[in-house]
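# An overview of the molecular structure
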Amino acid sequence: MNTATAGARRLRVGVVGLGRLGKRHAENLAYRVPGAELVAACSPLEEERAWAREALPEPRLYDDYADLLADREVDAVWLVTPSSLHAQQIVDALRAGKHVFCEKPLSLDLAECERVLAEAARYPQLQATIGFMRRFDPSYKDGFDKIAAGTIGRPFLVRSQTTDKNDTDGFFVRFAATSGGIFLDCTVHDIDVARWLLGKPRATRVFAAGAVALHEGLREFGDVDNGVAICEFEGGKLAMFYASRTQAHGNDTHSEVIGTAGALGIGHNPRANRVEIYDAAGIRNECTPSFFDRFEEAFLHEARAFVASVQGGAESNVQAGATLADALEATRIGNALRESLQSGQAVTL
Ligand SMILES: NC(=O)c1ccc[n+]([C@@H]2O[C@H](COP(=O)([O-])OP(=O)(O)OC[C@H]3O[C@@H](n4cnc5c(N)ncnc54)[C@H](O)[C@@H]3O)[C@@H](O)[C@H]2O)c1
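Residues numbered from 1 in each chain as written. Predicted model: local features only at pLDDT ≥ 70, side-chain atom pairs only at ≥ 80, totals over all residues. Heavy atoms only, no water.

Regarding its fold elements, the chain presents eleven helices and 15 strands. The globule rule puts the C-alpha radius of gyration for 349 residues at 20 Å, and the 20 Å found for the chain is close to it. Principal axes of the C-alpha set define a box for the chain whose edges measure 55 × 45 × 45 Å. In the chain, which comprises 349 residues, the share counted as buried stands at 52%. Intrachain contacts of the chain at a sequence separation of at least 6 include 73% that bridge at least 24 residues. Here the chain displays about 15400 Å² of accessible surface, and carbon together with sulfur accounts for 51% of that area. (Helix = DSSP H or I, 4+ residues; strand = E, 2+ residues; numbered from the N terminus. Rg over C-alpha atoms; globule rule 2.2 N^0.38 Å. Buried < 20%, exposed > 50% of the residue type's maximum accessible area, 1.4 Å probe, protein only. Contact = heavy atoms within 4.5 Å. Areas by Shrake-Rupley, 256 points an atom, 1.4 Å probe, with all protein chains shown as cover.)

Set out below in structure tokens:
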């Protein structure tokens, strides 16, 4: 337990959504975050509540979010629900007096993002954070600290990618109708990383292009399985993004930051572990297969930081994670990339 959480009452958390990622968050909160107590969980699906009965330490189970919000012994809600529900669920949580952690993105719709920010301003005593977990990955955090210490001079360019191992099952094709497309689903992380590492500059113009290399089913949603983009920021800062759903080798998420006195590479070669195979094909290592394998530690640090931040009280209530305003900017830029992809034109913000 760190100094912020020592002696404080444990934060009573209710997790909402027990799907692919919600189960992971729930297990972290139940067993690996000392300042937290997972007291409630919510899913409309009986099979997911059955999983919770088996896997979690007896949380109160709800099939309706409103009932979880009415639970007076829940201090904070942890939203891991479909992106289209985030904005209203955050507003409802704040109105019920709960702190909120919500998975990215805040919303696919900019007006909805603005509505959440306006509502959150009415509850300054409540913490609301969006889950851009890459900020909590030890290597990204070290890169951030080195930039802050001046190691590469003034940073002015970020090259960043989120690329997934090819999924022949086509989960993301089925998900395409509600994901917002490759830039809002994947590149939104790189956008947040670029703004975070470059000192939160405001974006001024973007251009995006894409290709369908393997997954023809994406065309009906106006989506692509490989996308590239350029983003210009105020003050002469730049970012280049690449997103892919079709990598052969694994989830390969990495970034590079270029400054006036040097550069940093963060996470190149997504090693699964420290084993190298020496054989007739040469020397190689296996890679992290999925985003969760790559960022397992980041999800855990993110949860601990949120809990410590809430428990730190008003004076130390400095958000280590992405604020609602950061998340709004990520959606603004992600939406512009999607518009550019579809129009073939640069978009001025
Ligand atoms: N940070 C990351 O890298 C990362 C990675 C994957 C997913 N995500 C985000 O996490 C969120 C969930 O993604 P997922 O892959 O786990 O999706 P999923 O479809 O597997 O899970 C969604 C969950 O929400 C539940 N749900 C649906 N409607 C609900 C409602 N009205 N009330 C309460 N629960 C409801 C479903 O039962 C399910 O448990 C998405 O917003 C996604 O963008 C983030």
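Gaps left between atoms are located by rolling a probe of water-molecule size over the structure's atoms. Tallied over the entire structure, the rule returns one cavity of 30 Å³ or more. If you add up the space inside the largest cavity, you get close to 60 Å³. Around the largest cavity, the lining is made up of ten residues, and of these Thr129, Phe136, Ala305, Phe306 and Gly321 lie nearest the centre. Its residues assigned to classes, the lining of the largest cavity comprises five nonpolar, four polar and one charged. (1 Å grid on protein atoms, 1.4 Å probe; cavity = no way out; pocket = protein on both sides within 12 Å on 5 of 7 lines; lining within 4 Å. Points joined across faces, edges and corners; volume = space filled by probe spheres on them. Nonpolar A, V, L, I, M, F, W, Y, C, P; charged D, E, K, R; others polar.)

Following Lys104, the chain continues into Pro105 via a peptide bond in cis, with omega recorded as -10°. Note that Pro105 resides in the loop between β5 (99-103) and α5 (110-120). At Glu58, a position not held by glycine, the phi torsion is positive, near 55°. Mapped onto the secondary structure, Glu58 falls in the loop between α2 (46-55) and β3 (60-62).

We now examine the layout of surface pockets. When its volume is computed, the largest pocket comes out at roughly 1200 Å³. Lining the largest pocket are 47 residues, with Arg20, Leu21, Phe171, Phe175 and Phe291 sitting closest to its centre. Among the elements that make up the lining of the largest pocket, the one with the highest residue count is helix α10 (residues 291-311) (four residues). Of the residues contributing to the lining of the largest pocket, the split by class is 20 nonpolar, 14 polar and 13 charged. Each of domain 1 (11-133 + 297-322) and domain 2 (135-294 + 330-348) contributes no fewer than three residues to the lining of the largest pocket. Roughly 280 Å³ of internal volume is contained in the second largest pocket. Asp137, Ser139, Arg271, Arg294 and Glu297 are the residues nearest the centre of the second largest pocket, which is lined by 13 residues in total. (Domains from an automatic or database assignment.)

Glancing now at helix α6 (residues 138-148). For α6, every residue scored as buried is listed here: Tyr140, Gly143 and Ile147. Down the axis, α6 shows its buried residues gathered within 60° of arc, on one side only. Check the buried side of α6 and you find it contacts β7 (155-165), α9 (182-197), β11 (254-259), β12 (262-266) and α10. Phi for Gly150, located one or two positions after α6, is positive at around 90°. (Arc of directions from axis to C-beta.)

The next thing to look at is the site of the ligand. Around the ligand, the structure places 25 residues, and the nearest of them are Leu18, Arg20, Glu48, Ser83 and His86. Within the contact set of the ligand, an oxygen atom lies 3.0 Å away from a backbone nitrogen or oxygen of Gly19. One of the side-chain N or O atoms of Ser43 is found 3.5 Å from an oxygen atom in the ligand. Within the complex, the protein chains bury 84% of what would otherwise be the 860 Å² of accessible surface of the ligand. (Near = heavy atom within 4 Å. Polar contact = N/O pair within 3.5 Å; in protein donor to acceptor, adjacent residues only side chain to side chain.)

The next subject is the pairing of strand β8 (residues 203-211). Regular strands have side chains that alternate between both faces of the sheet. Pairing between β8 and strand β9 (residues 226-233): eight bridges, direction antiparallel. Bridge pairing links Ala211 to Asn226 in β9. Taken together, the two bridges between β8 and strand β15 (residues 347-348) define a ladder with antiparallel strand orientation. Its bridge partner lying in β15, Val206 is registered against Val347. (Pairing = 2+ DSSP bridges.)

Bringing the packing of α5 against helix α11 (residues 324-343) into the picture now. Between α5 and α11, the shortest axis-to-axis distance is 9 Å and the interhelical angle comes to 170°. Put simply, α5 runs roughly antiparallel to α11. Here Leu110, Cys113, Glu114, Val116, Leu117 and Ala120 of α5 come into contact with α11, specifically with Leu324, Ala325, Leu328, Thr331, Arg332 and Asn335. When its residues are assigned to classes, the contact of α5 with α11 shows eight nonpolar, two polar and two charged. (Axes fitted to C-alpha atoms, helices over the stretch in contact; angles between N-to-C directions. Parallel < 35°, antiparallel > 145°, perpendicular 65-115°, else oblique.)

So, on to the UniProt feature "domain: Gfo/Idh/MocA-like oxidoreductase N-terminal" (unreviewed entry) in the chain. According to UniProt, the "domain: Gfo/Idh/MocA-like oxidoreductase N-terminal" (unreviewed entry) feature falls on residues 11-123. Summarising residues 11-123: 41% helix, 22% strand, and an end-to-end C-alpha distance of 18 Å. (UniProt positions renumbered as here; feature names shortened; annotations may be inferred.)

What follows covers the environment of Arg95. Along the polypeptide, Arg95 turns up in helix α4 (residues 86-95). With 25 residues separating them in the primary sequence, Arg95 and Ala120 have C-alpha atoms 9.0 Å apart. The residues contacting Arg95, other than those within four sequence positions of it, are Glu119 and Tyr123. A distance of 2.9 Å separates a polar atom in the side chain of Arg95 from a polar atom in the side chain of Glu119.

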